[in-house]
Each structure stands twice: as C-alpha cells, then as structure tokens.
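Survey of secondary and tertiary structure
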Amino acid sequence: SRHLLPVRPYHYFGHGKSPGTSEERDQQLSHSLSTLREVHEAFYAAPQSVDAATELSILRRRVLSGARIVFSGVFPLETLDVRRTEEGCWVESLGGTIGVDLDSETTHLVAKNVGTQKVHAALQMPNVQVVSLAWFWFTVYHCRRETEAHFQLVPPGTGGAAA
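None of these values were measured; they are calculated from a predicted model.

Before going further, it helps to examine the pattern of salt bridges. The tally for this structure, following the rule as stated, stands at four salt bridges. Taking the shortest distance from any N to any O, the salt bridge between D103 and R68 comes out at 3.8 Å. Placement of D103 in the loop between strand 2 (97-99) and strand 3 (108-111) and of R68 in strand 1 (residues 68-72) is noted, with a sequence separation of 35 residues between them. Residue classification places R68 among the partly exposed positions, given a relative accessible area of 23%. Salt-bridge contacts for D81 lead to R84; the nearest nitrogen and oxygen are separated by 3.7 Å. For D81, a relative accessible area of 26% corresponds to the partly exposed category. Because the salt bridges share partners, they merge into one network encompassing D81, R83 and R84.

This next bit is on unusual backbone geometry. Non-glycine residue C143 carries a positive phi angle of around 55°. Structurally, C143 is set in the segment after helix 5 (133-142).

On to the packing of helix 3 (residues 86-93) against helix 5, then. Running from N to C, helix 3 and helix 5 point in directions that differ by 55°, and their axes come no closer than 11 Å. Considering the angle they form, helix 3 stands oblique to helix 5. In this structure, helix 3 meets helix 5 at a crossing whose hand is left-handed. For the pair helix 3 and helix 5, the contacting residues are E86, E87, W90 and V91 in the first and F136, W137 and V140 in the second. Residues of the contact of helix 3 with helix 5, tallied by class, amount to five nonpolar, no polar and two charged.

Taking strand neighbours across the sheet as the criterion, the four strands line up as 2-1-3-4 in an open arrangement whose pairing is parallel. Looking along the sheet, the strands with just one partner apiece sit at the ends: strand 2 and strand 4 (129-132). Neighbour to neighbour, the strand axes of the sheet diverge by 30° on average, direction disregarded. By the bridge criterion, four bridges tie strand 3 to strand 4 in an arrangement that is parallel. In the strand pairing of strand 4, L109 is matched with V130. Of the strands in this sheet, strand 1 and strand 2 are in contact with helix 3, which crosses strand 2 at around 135°. Across the sheet, helix 5 is in contact with strand 1, strand 3 and strand 4; its angle to strand 4 comes to roughly 80°.

Rules and cut-offs
Residues numbered from 1 in each chain as written. Predicted model: local features only at pLDDT ≥ 70, side-chain atom pairs only at ≥ 80, totals over all residues. Heavy atoms only, no water. Salt bridge = Lys/Arg side-chain N within 4 Å of Asp/Glu carboxyl O. Helix = DSSP H or I, 4+ residues; strand = E, 2+ residues; numbered from the N terminus. Buried < 20%, exposed > 50% of the residue type's maximum accessible area, 1.4 Å probe, protein only. Axes fitted to C-alpha atoms, helices over the stretch in contact; angles between N-to-C directions. Parallel < 35°, antiparallel > 145°, perpendicular 65-115°, else oblique. Left-handed = near helix turned anticlockwise from the far one by under 90°. Contact = heavy atoms within 4.5 Å. Nonpolar A, V, L, I, M, F, W, Y, C, P; charged D, E, K, R; others polar. Pairing = 2+ DSSP bridges.

Following this line, the structure appears as structure tokens:
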C-alpha cells in the first residue's frame, strides 16, 4: 500500500534470527526514521502537497529510477507475470522496471544463488550488477538503493566474496 513503510522483520532474543545478524547492529529504525523525515520535509516544503502518502510515493519512485531488474531463481518457473509478485510490485513502486530476460537494458540481475544460467550470462555483461535477493529487500526496507558491491553474487573460485 502506498501508505505503508515496510520494515525488515525484527527477531528478538535470537528467536528466528538469521545467521550473521545482530539486533544491536540492526539499523532498520534509523532507516525508517530517515525516510519519514524526508517525507515530512517534502510535505511541508511543497505547498501543493496533497498528503504524506503521495510524498512517500514520490520518494519511492526515485529509489530504482532507471533500473531494469531481472530475477533469477526467485520465483517458480511457472510464474506467468513477475509484475504481480510481491517483488515485482515493489520494483515498480520504487520506480524500476522489470525484465523477464537479460537484454541490453538490464541493469540488475537479482538472484537467489549463483548456479543459474541467467547468473552465468549476466556475469558476462559488464553493465549488469549481479546481486543477491538480500540487496533487493534491503533496498525495499531502507527505501534507498543499497550499494550493490556489498551484495554481489560471485561464483566460488572467482576471487570475490558473495554477500
């Protein structure tokens, strides 16, 4: 919904905690506060502002503006319309576009693992960022494009470190 600001699930006292995460290092509230401050400033700075939800939508559309995202290994093969998935809705809400196949317009390949044909093909395309699904969700939760280098998917034995 255009009125909601999604937040990353918070697991307390280690219940359901993902490996490598720490509540003490969890910056979700800081990112949410930053986004809400931006919305607040935009709302009060523009006399023609309709409501805060509109300002949030405007802010969101800038996050992935210019990005064309292809997913790999994220959805079942029989998924007919990626735009109707939760991830697809978020891509469009954040101002990006969705591709089904890699092409010259693709800027990001978001993949669950490095073993897919799309990942191998995208690694040969110098203008395509090959990133983990975590990059996508952190971008959604933080309402800003996260640094791709921190979430690159690199096949084992190629000298890089996957996030």
